Number of protein chains: 2
Amino acid sequence: MNDTFLKALRGEETPYTPIWIMRQAGRYLKEYREVREGVDFLTLCKTPELAAKVSLQPVDILGVDAAILFSDILIPVEAMGMKLEFSEKHGPVLSEPIRSRALLEKLTVPDPEDDMPFVMETIKLLKSQLKVPLIGFSGAPFTLATYMIEGGGSKNFLFTKRVMYQNHGVFSGLMEKISDTVISYLRAQIRAGADTVQLFDTWAGVLSPDDYRVFALPYVKRIIKELKSEGAPIIYFVNGCAGLLKDIKTSGADAIGIDWRVDIGEAARTLGKKTVIQGNLDPCALLLPREIMKEKVKDILDKARGAAKGHIFNLGHGILPEIPVENAKSLVELVHELSGKAIAR
Amino acid sequence: MNDTFLKALRGEETPYTPIWIMRQAGRYLKEYREVREGVDFLTLCKTPELAAKVSLQPVDILGVDAAILFSDILIPVEAMGMKLEFSEKHGPVLSEPIRSRALLEKLTVPDPEDDMPFVMETIKLLKSQLKVPLIGFSGAPFTLATYMIEGGGSKNFLFTKRVMYQNHGVFSGLMEKISDTVISYLRAQIRAGADTVQLFDTWAGVLSPDDYRVFALPYVKRIIKELKSEGAPIIYFVNGCAGLLKDIKTSGADAIGIDWRVDIGEAARTLGKKTVIQGNLDPCALLLPREIMKEKVKDILDKARGAAKGHIFNLGHGILPEIPVENAKSLVELVHELSGKAIAR
């Protein structure tokens, strides 16, 4: 068992800096595309054998130090009662977006074991096969709320902010229901065997710091607090975090994942030495020639070293489908080598 | 002549905080939509009488303290030799995106008076009618380069970063040509009568701080330095600025425009007391009920007061077409009243 990732997550000394990559099970891998040829995306998420298979691929192919459950952040949203479809063109589409009390009241707080059993089955399958730790995950409440209010992705999040600003009762009712869902969902994942869980706040960065403090952070804090007793460390990733770090510091998470649009040294200093930091190479930097990518990796390792309680290397956002797999392999090798792992050649 | 805006821009005492709104001449105004009914977007930009007419509308309707030239940031890109079209669905489309030396070499540095005379004519028309200062503008080099390399808008800016990382000669050659273009374009605007110019770096926020320092900022610095002798103050707006402020501080601009995803008090402290700050209400906050919008406006005014050399109120990004004009009027009134303007009732 390679437990370097978990040690780093607990702030313990590690022989090298562990790395995993957001969206590491994905379309940039030909082995993933082969699985997807025979099955649509939602079916893949809901078939434990296949979901486990693609979760394992990057561990075998890249040599990353952790696996992450293959799933979609909208799975619990569907379980709450919304109709979910994936369109090739527009991405996720949720019908009847939640912009009124009537629609809010139709939503339920699902029972993970009954309503999303395939997720826990995937986790159990993975745990029986993995030699690295397993990360479970959920979208954070604000991020899930944006999809539920917009009915899918968005550019300006105008509907979300309209509900948030003009119909605070509906907004906070929705955020509470989502938070309840996320708590039981992540608890079930941990009890099924996830060694840690990551909360993805992909869209929290579209809020002003003042709004983030009122409309997003309190729900994250509650989730983290209620999950503490499960004993698994919690990672909180915020995309577009640069203006929010002082507030994010109070989230209670064991580790904070940051995007690439902030200096990791500065972010670590703002977050303080009680927090492990995760990140933060620009996903597009995987296009760099190896020698220049090496400089960037070294720079991130140097800036993070000593500035935080610990460092887990990652991209600042998900890996893009256009990235050659060789470059992703190079990244993992570079992080390992440059941070002190003895490499057998 | 209401010169409150120019005084604030120079850091002088003003009786109240001036305000203008990015995209204040735009689709949220029925008077603008009426003009657009008879003419397509590019023709509007290129017809001085009409461009001047829509530039004047928000001054009359909202009572803002400055007018901004109505134009599009891609006008100089078209003048450099690229074919520009606007599609209702996809926004701007530039054919033959610049990803090779051959295409780069076909681009010219336009002569503003010969190749974009309508811009300077619009400015002269406006100056003969305006009772508030006039802002000229241009896209900043990195932002213009993204459109030229992507062939339009983008989500991940993968083509831009590919050229930037893998073909540095083409990237820097392009940035130099754009910078030369922007310098002569803004110089011509100032000489035609623009009282100040704003450089819009709408997409610089997609770069890591290290990349921003290498691939975007040096060109901005050169432009600002070369324009100093014209005597007009220069505003530099960076969208997604939160992680870049320490670098932006060195730009040489007289005023820095910031987006809403950063606390204006913190931003002002980072930028220091030699810089005027402009911003930074969330464009969606115009959806708020007036009493709550008032709190937000007051908060921004309070945070900016004394923290910078001066403050010009603005949104953190352009006003959205969905905003009721009454709410925009309320914003202008609130900024004026709360910052001390005596209002005749």
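See the structure printed just above.
Residues numbered from 1 in each chain as written. Chains lettered and ligands numbered in written order. Predicted model: local features only at pLDDT ≥ 70, side-chain atom pairs only at ≥ 80, totals over all residues.

K.L.:
Looking at this structure, I do not really get the overall build of chain A. What am I missing?
P.N.:
Assigned secondary structure in chain A consists of 17 helices and 9 strands. Once the C-alpha set of chain A is aligned to its principal axes, its extents read approximately 60 × 45 × 40 Å. For chain A, the proportion of its 345 residues judged to be buried stands at 55%. Residue pairs in contact within chain A that sit at least 24 positions apart in sequence constitute 72% of those at least 6 positions apart. (Helix = DSSP H or I, 4+ residues; strand = E, 2+ residues; numbered from the N terminus. Buried ≥ 20, exposed ≤ 12 C-beta atoms within 10 Å, placed from the backbone. Contact = placed C-beta atoms within 7 Å.)

K.L.:
It is not clear to me how the environment of Gln 278 of chain A should be interpreted in this structure. Could you clarify?
P.N.:
All names here are of chain A. Along the polypeptide, Gln 278 turns up in strand S8 (residues 276–281). The spacing of Gln 278 and Asp 211 is 67 residues in sequence and 24 Å in space, taken between C-alpha atoms. Beyond its immediate chain neighbours, meaning those up to four positions away, Gln 278 contacts Ile 235, Ala 255, Ile 256, Gly 257, Ile 312 and Asn 314.

K.L.:
Would you explain the sheet that holds S8 of chain A in this entry?
P.N.:
What links the strands of a sheet is backbone hydrogen bonding, and the strands pair in either a parallel or an antiparallel sense. All names here are of chain A. Pairing is parallel in the open sheet, where 7 strands are placed in the order S1-S4-S5-S6-S7-S8-S9. Each of the sheet's edge strands pairs with one partner strand only, and the pair in question is strand S1 (67–68) and strand S9 (310–315). Across 4 bridges, the pairing between strand S6 (residues 234–238) and strand S7 (residues 255–258) is parallel. Bridging from a neighbouring strand, Tyr 236 pairs with Ile 256 of S7. (Pairing = 2+ DSSP bridges.)

K.L.:
Could you clarify how one ought to interpret helix H10 (residues 158–166) of chain B in this entry?
P.N.:
The complete set of buried residues in H10 of chain B reads Thr 160, Lys 161, Val 163, Met 164 and Tyr 165 of chain B. The elements touched by buried residues of H10 of chain B are helix H9 (141–150), helix H11 (168–192) and helix H12 (209–215) of chain B.

K.L.:
Help me understand the environment of Ile 312 of chain B, please; the structure alone is not making it clear to me.
P.N.:
Residue and element names in this part refer to chain B. Inspection of the secondary structure puts Ile 312 in strand S9 (residues 310–315). By the C-beta count within 10 Å, which is 25 here, Ile 312 ends up buried. Sequence separation of Ile 312 and Ala 8 is 304 residues, and the distance between their C-alpha atoms is 6.7 Å. For Ile 312, the residues in contact, after removing those within four places along its chain, are Phe 5, Ala 8, Leu 9, Pro 18, Ala 255, Val 276 and Gln 278.

K.L.:
Honestly, the relation of the copies chain A and chain B in this entry has me stumped. Any pointers?
P.N.:
For these two chain copies, the linking operation is a rotation about an axis paired with a shift along it. It takes a turn of 180° to lay chain A on chain B, together with a shift of 0.0 Å along the axis; the resulting RMSD is 0.0 Å. With respect to symmetry, the two chain copies, as superposed, fit the operation of a two-fold axis. Residue Ala 242 of chain A of chain A places its C-alpha closer to the rotation axis than any other residue of that unit, at 2.7 Å. A share of 100% of interface residues in chain A that are also interface residues in chain B marks the association as one of identical surfaces. (Least-squares fit on C-alpha atoms with pLDDT ≥ 70 in both.)

K.L.:
What exactly am I supposed to notice about the pairing of strand S5 (residues 196–201) of chain B here?
P.N.:
Along a regular strand, successive side chains alternate from one face of the sheet to the other. Residue and element names in this part refer to chain B. With 6 of its 6 residues buried, S5 lies for the most part within the structure. Neither face of S5 is open: one carries Thr 196, Gln 198 and Phe 200, the other Val 197, Leu 199 and Asp 201, and all of them are buried. Two elements, strand S4 (residues 134–139) and S5, share 5 bridges in a ladder whose sense is parallel. Its bridge partner being in S5, Ile 135 is matched across the sheet by Thr 196. Pairing of S5 with strand S6 (residues 234–238) involves 5 bridges; the strand directions are parallel. Each bridged residue has a counterpart across the sheet, and for Phe 200 the counterpart in S6 is Phe 237.

K.L.:
Where do I start with the sheet that holds strand S8 (residues 276–281) of chain B in this structure?
P.N.:
All names here are of chain B. A sheet is described by the order of its strands in space; here 7 strands give the open sequence S1-S4-S5-S6-S7-S8-S9, paired in parallel fashion. Among the strands making up the open sheet, the edge pair consists of strand S1 (67–68) and S9. Where H11 meets the sheet, it contacts S4 and S5, and its direction lies at approximately 170° from that of S4. (Axes fitted to C-alpha atoms, helices over the stretch in contact; angles between N-to-C directions.)

Geometry only, nothing functional implied.
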